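Structural description and commentary
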Amino acid sequence: MTYDLLDVQNLETRFKTPEGVVHAVNGVSFKLNEGETLGVVGESGCGKSVTMLSLLKLIPQPPGEIVAGKGFFKGDDLLAMDHNEIRKVRGGQIAMIFQDPMTSLNPVMTIGKQMEEPLKLHLGFNSTQARDRSIELLEQVGIPRAADRLKDYPHQYSGGMRQRVMIAMALACAPQILIADEPTTALDVTIQAQIVDLVIRLREELGMAIVWITHDLGVVASIAQRVAVMYGGYIIEEAPVKELFNNPRHPYTIGLIGSLPQIELEGRKRLYSIEGMPPMLYQKPRSCPFSPRCQWVRERCRQENPVLESVGNNHTVACWVDVTTGSEKA
Amino acid sequence: MTDNNDVIVSVKNLKMHFPILRGVIQRQVGSVRAVDGISFDIHRGETLGLVGESGCGKSTTGRTILQLYKPTEGRVFFQDKELNTLKAEEMRQMRKEVQMIFQDPYASLNPRMTIRDIVAEPLVAFGAIPGKEIDERVRELMSLVRLDPDFMARYPHEFSGGQRQRIGIARALANRPSFIVCDEPISALDVSIQAQVINLFEDLQKELDLTYLFIAHDLSMVRHISDRVAVMYLGIIVELADRNEIYRNPFHPYTQALLSAIPVADPAYYETHNRMVLEGDVPSPANPPSGCRFRTRCPIADEHCAVERPEFREVKPGHFVECFKVNLSEK
């Protein structure tokens, strides 16, 4: 029997806060194929990071709580695994890199020590093997004089170099899925371009699948094959990357793409802006979460929450209105 | 829109070096050359965009122009006054005319003051209008930045990031300035909110005849809002030109690399365009390379670039570049 590499079904996560329960993820389903790169796009608080952290059981519980859902990794439900089982998956078959590499590295340990330790623990390497493999990994991610730089501490590396170290560590056990949570957001554009190029090269060399979480539509366009757009704890649109950019069908996606300045444009055009603010999610939305900001809004949008439906071309969208005609769907 | 003869701000060979102090007696052991000799003019009514990566000195430039730092060398003219020679009280009066908007709308507002008091503070500080009229002016300012004036009794935490940035803008506008330094005003905001704030900046410029120095690292936003764009690298301006000119004909290799590094929200773009990816990292401004600042990462640098710093020269009308290798015939 064959399985999808990753098959997430109806994931729901919420957090108890002093202000009330925050419904961060409200029923997210998606699949990831082997070797595929999925971009997950959305603004702060839309649930894109929480979705991935929930899958790896990396959210603190409490205050977090995974209320419902399944996350099948090659047929096994990650969410049903106990502590030890999930630990083997994390860092082994599924690795994750984060936005800020400085907080993910131990400032008082050399880079070498931090890289060698998991190799010894997880893969049973001896000191020489661990050192050799660390050098090999650092070279693979483009760190010059890797053997010398193992003796350095994190503060002696620049931001871009630290992110390279994180990628090297994530790759140590040859994962089948790399989850990258805004890995270039803290970096300058020229360094961001270096990291994106590096990940594209490693993807070709190692054949891993990637989930790339970002708020930057430009980065997604350069790296993803398929894109899921999130809003208010839901995936509201999903499509192959070209289809999404050429033919966005959800009013939020249309607004997001329209609010970017066109780099190739000569004249000056007023930016399209989505009025209002993202929802606070103290209640699980019963109506379309985007309806208060939507210019296509109908009465039905304020009553019922639309579900993802196919519009052809592997393109799904959660909206009651067909934006190509402006009329309500049957 | 821009009258070239009407210069509102003029910066001449501006330098801002921060001392590095060590030891018990705080001996100076070196200096961080954050801004190292830049010259440019800003015309009345225009937006000059200033772009560059973190640590290139763009924020220091903005702050030094407003005399928030005492420049190490160089002169800054605002209209007919030389700001760096003004006495403290004269400069204080000047601050009605020149204002600043900061990046972080969370950090730049006092959490224990109401919006009314935050916006009214500059009015009170300068005694600009009678006390009775302050509430009326605050209401006017809040409407100007598209905030509901009825919210003026609230505190900053009750507002979202975009709204807080509007409060910061209202405060900057209180004394009717003519020149505003906007220091990364949209970097901390979400994508859908950025467009709202950018549109507001454009509307206010038209309504109030403002001149902006717009500092940012997002090149596509800078191109959108600016009339002219200056690119900084390691304390110097490497290139300055009209917005379309600099994006269409970038001469400096750094500008070219920076432009090609912008992620473009169009998947088809990546099938036809090859990226120019720079090697390595930016050198430390405490110990910049000899000669041309960019030569350590430049794909076309030669021995001469290490010896001498190129002159910031006008290679085409209105297009300035600091590079030896500008080949006009190529373009």
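Residues numbered from 1 in each chain as written. Chains lettered and ligands numbered in written order. Predicted model: local features only at pLDDT ≥ 70, side-chain atom pairs only at ≥ 80, totals over all residues.

Okay, the overall build of chain B next. Secondary structure assignment for chain B yields 11 helices and 12 strands. With the principal axes as the frame, chain B shows a C-alpha extent of 70 × 60 × 45 Å. Each of the 331 residues in chain B was classed as buried or not, and the buried ones make up 44%. For chain B, the share of sequence-separated contacts (at least 6 apart) that also reach a separation of at least 24 residues comes to 65%. (Helix = DSSP H or I, 4+ residues; strand = E, 2+ residues; numbered from the N terminus. Buried ≥ 20, exposed ≤ 12 C-beta atoms within 10 Å, placed from the backbone. Contact = placed C-beta atoms within 7 Å.)

Here we take up unusual backbone geometry. Looking along the chain, the bond that leaves Q61(A) and enters P62(A) is cis, with omega of -15°. By secondary structure assignment, the location of P62(A) is in the loop between α1 (48–55) and β4 (64–73). Cis geometry marks the peptide bond from P62(A) to P63(A); its omega dihedral reads 10°. Among the secondary structure elements, P63(A) is positioned in the loop between α1 and β4. Backbone geometry at N10(A) places phi at a positive 55°, although glycine is not the residue there. Assignment of secondary structure puts N10(A) in strand β1 (residues 6–17). Residue N10(A) is classed as partly exposed on the basis of its C-beta count, with 13 C-beta atoms lying within 10 Å. Positive phi values are uncommon outside glycine, yet L234(B) reaches one of about 50°. With respect to the secondary-structure elements, L234(B) resides in the loop between β9 (228–233) and β10 (236–242).

Moving on, we come to the interface of chain B and chain A. Of the residues lining the interface, 31 residues belong to chain B; the matching set on chain A comes to 35 residues. Counting residues per element, the side of chain B that touches chain A draws most heavily on helix α6 (residues 191–208) of chain B, at six residues. For the side of chain B that touches chain A, the class distribution of residues is 16 nonpolar, nine polar and six charged. (Nonpolar A, V, L, I, M, F, W, Y, C, P; charged D, E, K, R; others polar.)

Note on helix geometry: an α-helix contains 3.6 residues per turn, so any two residues three or four positions apart are oriented the same way. Listed as buried for helix α11 (residues 251–258) of chain A are P251(A), Y252(A), T253(A), G255(A) and L256(A). Next to the buried residues of α11(A) lie α9 (217–223), β9 (226–231), β10 (234–240) and α10 (241–246) of chain A together with α6 of chain B.

A separate point is the confidence of the model for chain B. Predicted coordinates in regions of low pLDDT should not be interpreted in detail. Of the residues in chain B, 97% have a pLDDT of 70 or more, and the chain-wide mean is 89. This complex was scored by the predictor with a pTM of 0.83 and an ipTM of 0.76. (pLDDT = per-residue confidence, 0-100.)

Where helix α8 (residues 189–206) of chain A contacts helix α9 (residues 253–261) of chain B, the two axes come as close as 8 Å, and the packing angle between them is 55°. Overall, the two elements α8(A) and α9(B) adopt an arrangement that is oblique. Taken as a pair, α8(A) and α9(B) cross one another with a handedness that is left-handed. Only A257(B), L258(B) and A261(B) of α9(B) make contact with α8(A), whose side of the interface consists of V189(A), T190(A), Q192(A) and A193(A). Grouping the amino acids of the contact of α8(A) with α9(B) by side-chain chemistry returns five nonpolar, two polar and no charged. (Axes fitted to C-alpha atoms, helices over the stretch in contact; angles between N-to-C directions. Parallel < 35°, antiparallel > 145°, perpendicular 65-115°, else oblique. Left-handed = near helix turned anticlockwise from the far one by under 90°.)

Attention now goes to the sheet that holds strand β5 (residues 76–77) of chain A. Strands belonging to one sheet form pairs held by backbone hydrogen bonds; the direction of such a pair is parallel or antiparallel. All names here are of chain A. Reading across the sheet, the four strands line up as β2-β1-β4-β5 and stay open at both edges, with antiparallel pairing between neighbours. Both outer strands of the open sheet, β2 (20–32) and β5, are each paired with one neighbouring strand and no more. Note that β4 and β5 share two bridges and pair antiparallel. Bridge pairing in β5 links F72 to D77. (Pairing = 2+ DSSP bridges.)

Residues and elements named next belong to chain B. Overall, mixed pairing links the eight strands, which are arranged β6-β7-β8-β3-β9-β10-β12-β11 in an open sheet. In this open sheet, the two strands that pair with only one neighbour each are β6 (98–101) and β11 (312–316). The sheet shows a mean angle of 20° between the axes of neighbouring strands, direction not considered. Where strand β3 (residues 47–51) and β9 come together, four bridges link them in parallel fashion. Directly across from L50, in β9, lies its bridge partner A230. Together, β9 and β10 form the strand contacts of α9, whose direction differs from that of β9 by roughly 105°.

Our focus in this paragraph is the packing of helix α7 (residues 159–171) of chain A against α8(A). All names here are of chain A. Across the interface, α7 lies against α8 with an axial gap of 10 Å and an inter-helix angle of 20°. The orientation of α7 with respect to α8, classified from their angle, is roughly parallel. Considering only the axes of α7 and α8, their crossing is right-handed. Touching G159, G160, Q163, R164, I167 and L171 of α7 are I191, Q194, I195, L198, L202 and L206, all from α8. Classifying every residue of the contact of α7 with α8 gives seven nonpolar, four polar and one charged.

Turning our attention to the pairing of β3(B). Two faces belong to every sheet, and in a regular strand the side chains alternate between them. Residues and elements named next belong to chain B. Where burial is concerned, most of β3 is hidden: five out of the five residues are buried. What you see with β3 is no split at all: T47, G49 and V51 on one side and L48 and L50 on the other are buried throughout. Here five bridges tie β3 to strand β8 (residues 211–216), and the two strands are oriented parallel to one another. Within β8, the residue paired with L48 across the bridge is L213.

Right, let's get into the confidence of the model for chain A. On average, residues of chain A carry a pLDDT of 88, and 98% of them reach 70 or more. When pLDDT is averaged over each helix and strand of chain A, the minimum, 76, is found for helix α3 (residues 101–104) of chain A and the maximum, 95, for β9(A).

This part takes up α6(B). Look at α6(B): 26 Å from first C-alpha to last across 18 residues, which is about the 26 Å you get at 1.5 Å a residue. Of the surrounding elements, those touching the buried residues of α6(B) are α11 of chain A together with α5 (161–173) and α7 (219–225) of chain B. (Expected span 1.5 Å × (residues − 1).)

Once that is clear, we can look at the pairing of β11(B). Residue and element names in this part refer to chain B. Relative to strand β12 (residues 319–322), β11 is paired through four bridges, and the arrangement is antiparallel. If you follow E314 over to β12, its bridge partner there is F320. Counting the residues that bridge the hairpin from β11 to β12 gives two residues, and of these G318 lies at a positive phi of roughly 80°.

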